[in-house]
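One-letter residues, chain by chain:
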Amino acid sequence: MGLGTAAIGSTPFLSACGGLKGTGGSSSDVLKIGYVSPQTGPLASFATADNFVVSQIQEAVKAGFDAGGRKRQLEIVVKDTQSNPNRATEVTRQLITSDKVDLIVGSSTPDTTNPVADQCEANGIPNVTTIAPWEAWFKGRGGKSGEGFKYTTLFFFGMQEFADCFFPMWQRAGATSKNVAALWPNDTDANAFRQGLGPMMQKAGYTPIDGGAYQDGATDFTAQIAKFKSSGAELFTCTPIPPDFQTFWKQTQQQGFRPKLATVAKVMLFPSEAEALGQLAENIATDCWWSPAHPYKSTLDGKSAKDLADGFAASAGKQWTQALGSIYSLFEIAIQAFKDAGDPKDRDEVASKLRTMKISCMSGDLDFNTGPEPGIAIQHPVGVQWRKGEKFPWDIVVADNTANPAVPIGGDLKPTNA
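What counts and what doesn't
Residues numbered from 1 in each chain as written. Predicted model: local features only at pLDDT ≥ 70, side-chain atom pairs only at ≥ 80, totals over all residues. Heavy atoms only, no water. Helix = DSSP H or I, 4+ residues; strand = E, 2+ residues; numbered from the N terminus. Rg over C-alpha atoms; globule rule 2.2 N^0.38 Å. Buried < 20%, exposed > 50% of the residue type's maximum accessible area, 1.4 Å probe, protein only. Contact = heavy atoms within 4.5 Å. Areas by Shrake-Rupley, 256 points an atom, 1.4 Å probe, with all protein chains shown as cover. Core = buried A, V, L, I, M, F, W, Y, C linked by side-chain atoms within 4.5 Å. Pairing = 2+ DSSP bridges. Right-handed = clockwise from strand over helix to strand, strands pointing away. Expected span 1.5 Å × (residues − 1). Bend = angle between axes of the 7 residues up to and from the residue. Axes fitted to C-alpha atoms, helices over the stretch in contact; angles between N-to-C directions.

1. A word on the overall build of the protein chain
So, point 1. Scanning the protein chain from terminus to terminus reveals 12 helices and 19 strands.
So, point 2. Computed over the C-alpha atoms, the radius of gyration of the protein chain is 21 Å, within 12% of the 22 Å expected from 2.2 N^0.38 for a compact globule of 418 residues.
So, point 3. Along the first, second and third principal axes, the C-alpha atoms of the protein chain reach 65 × 45 × 40 Å.
So, point 4. Looking at the protein chain residue by residue over its 418 residues, the buried ones come to 60%.
So, point 5. Long-range contacts, defined as pairs at least 24 residues apart, comprise 70% of the intrachain contacts of the protein chain with a sequence gap of at least 6.
So, point 6. For the protein chain, the accessible surface area stands at approximately 15200 Å², while carbon and sulfur atoms represent 47% of it.

2. A short note on the nonpolar core
So, point 1. Grouped together as the largest cluster of nonpolar side chains are 110 residues, with contacts concentrated most on Ile57, Leu74, Phe236, Phe245, Met268, Trp290 and Phe331.
So, point 2. For this core, the leading source of residues is helix 11 (residues 323-340), giving 11 residues.
So, point 3. Val77, Ile96, Val101 and Val116 belong to the second-largest nonpolar core, a separate cluster that totals 11 residues.

3. So, the pairing of strand 19 (residues 394-400)
So, point 1. The element strand 19 is largely enclosed, with a buried count of 6 among its 7 residues.
So, point 2. As judged from the 6 bridges shared by strand 18 (residues 382-388) and strand 19, these two strands associate in the antiparallel manner. Across the sheet, residue Arg387 finds its bridge partner in strand 19, namely Asp395.
So, point 3. Hairpin geometry of strand 18 and strand 19 is characterised by an intervening segment of 5 residues between the two adjacent antiparallel strands.

4. Concerning the pairing of strand 8 (residues 127-130)
So, point 1. What you see with strand 8 is no split at all: Asn127 and Thr129 on one side and Val128 and Thr130 on the other are buried throughout.
So, point 2. Once you follow strand 7 (residues 103-107) into helix 3 (residues 110-123) and on to strand 8, the crossover reads as right-handed.
So, point 3. Direction of pairing for strand 8 relative to strand 9 (residues 152-156): parallel, over a ladder of 4 bridges. Residue pairing in the sheet places Thr130 in a bridge with Phe155 of strand 9.

5. Comments concerning helix 5 (residues 159-172)
So, point 1. The end-to-end C-alpha distance of helix 5 is 20 Å, a good match for the 20 Å that 14 residues give at a rise of 1.5 Å each.
So, point 2. A maximum bend of about 25° is found in helix 5 at Phe166, where proline Pro168 lies one to four positions downstream.
So, point 3. With 10 of 14 residues buried, helix 5 lies mostly within the body of the structure.
So, point 4. Among all positions of helix 5, only Met159, Glu161, Phe162, Ala163, Cys165, Phe166, Phe167, Pro168, Met169 and Trp170 are buried.
So, point 5. With its phi angle positive at about 75°, Gly174 sits one or two positions after the end of helix 5.

6. Quick look at the sheet that holds strand 14 (residues 285-288)
So, point 1. Ordered in space as 11-10-12-13-14-18-19, the 7 strands form an open sheet in which the pairing is mixed. What marks the edges here is a single partner per strand, and that holds for strand 11 (207-210) and strand 19. Going across the sheet, the axis of each strand differs from the next one's by a mean of 35°, ignoring polarity.
So, point 2. Pairing of strand 13 (residues 261-264) with strand 14, which is carried by 2 bridges, proceeds in the parallel orientation. Following the sheet pairing, Val264 is matched in strand 14 by Thr286.
So, point 3. Sheet strands in contact with helix 5 are strand 10 (179-183), strand 12 (235-238), strand 13, strand 14, strand 18 and strand 19, and its direction is about 145° off that of strand 14.

If you want it as structure tokens, here you go:
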């Protein structure tokens, strides 16, 4: 269950559904942030750390913070999209019309970020989202190049950064074929890869073998696997929803498609997905934008990435996830925008501070002025592989840091299938 309302600076109490509930409505001394994420449904692995992050933000600013010339308290209202874009639209409207929040943050795939941002843009609500390729967020919403949006911003990365992460690993994989099997469904995320990463692959000398634009929720990948096998592809990439990848990957083993190196996106980002595959998770590679090894710190209380990850493990009894740092930074950025504004209740001013922000935070150095489009800050992921863990069943090892040398290498790149 997700949090309902968390009032920071007040005394929260546990509600019947297991959330944290605050003590009052918004006033001039209370700033309200709405948070939207897929806490249930097929994308729920992205939201594993939500409750912990909100509690961390509560603790960090429990004494309030200065904004607009006086002390402010912070209240957070959390909504679950149930992994449904229509539900994301509905709960964002609730935050705007019923909860009357001052700013909305959202996380995890275009299924959340796009409908949330669209509602914020239409209603003049400052907004920042994360964990969605910028092309899928910007172009998927009809953004006009060079203009950006007035109220909505994003920090993450895009096709160039995926290329910078994946291509060096492909070059080191020892593949004899330049064909790359690509499992890209027919959705906003995958179409951004098809239209963006595909041409980049060709320019770099690789040939994408597109398995076809299937619908999410597919259960039989025999046709795609046959096409990949006949192409002789020894490299594999994909952008499906997690349940579909698990089905596909099990079928590849059954049907004899065993690529030398799998570099996957959108999936295998979190420990729960590795655990679901068991032994089949060994040496699957993916992109990693945040980990305990990243040399980043909080703007709120100075804790390091490792401190945050260790705190989550101690509190939740679960392994850290990449989303932990990103969700934390949503609130860092929102609070900083309130602090920077002369009047934190002035939505236009707060939105302007978001679009022009430059901040070094839990997600690293983010500059919303220098991205590919206005209001977009770019991160640089490293290449990691899943290996058997010590404290937990599976852990990621940084195998290639070409795109972000500040993150230390943790082990050699190994073939996914020997």
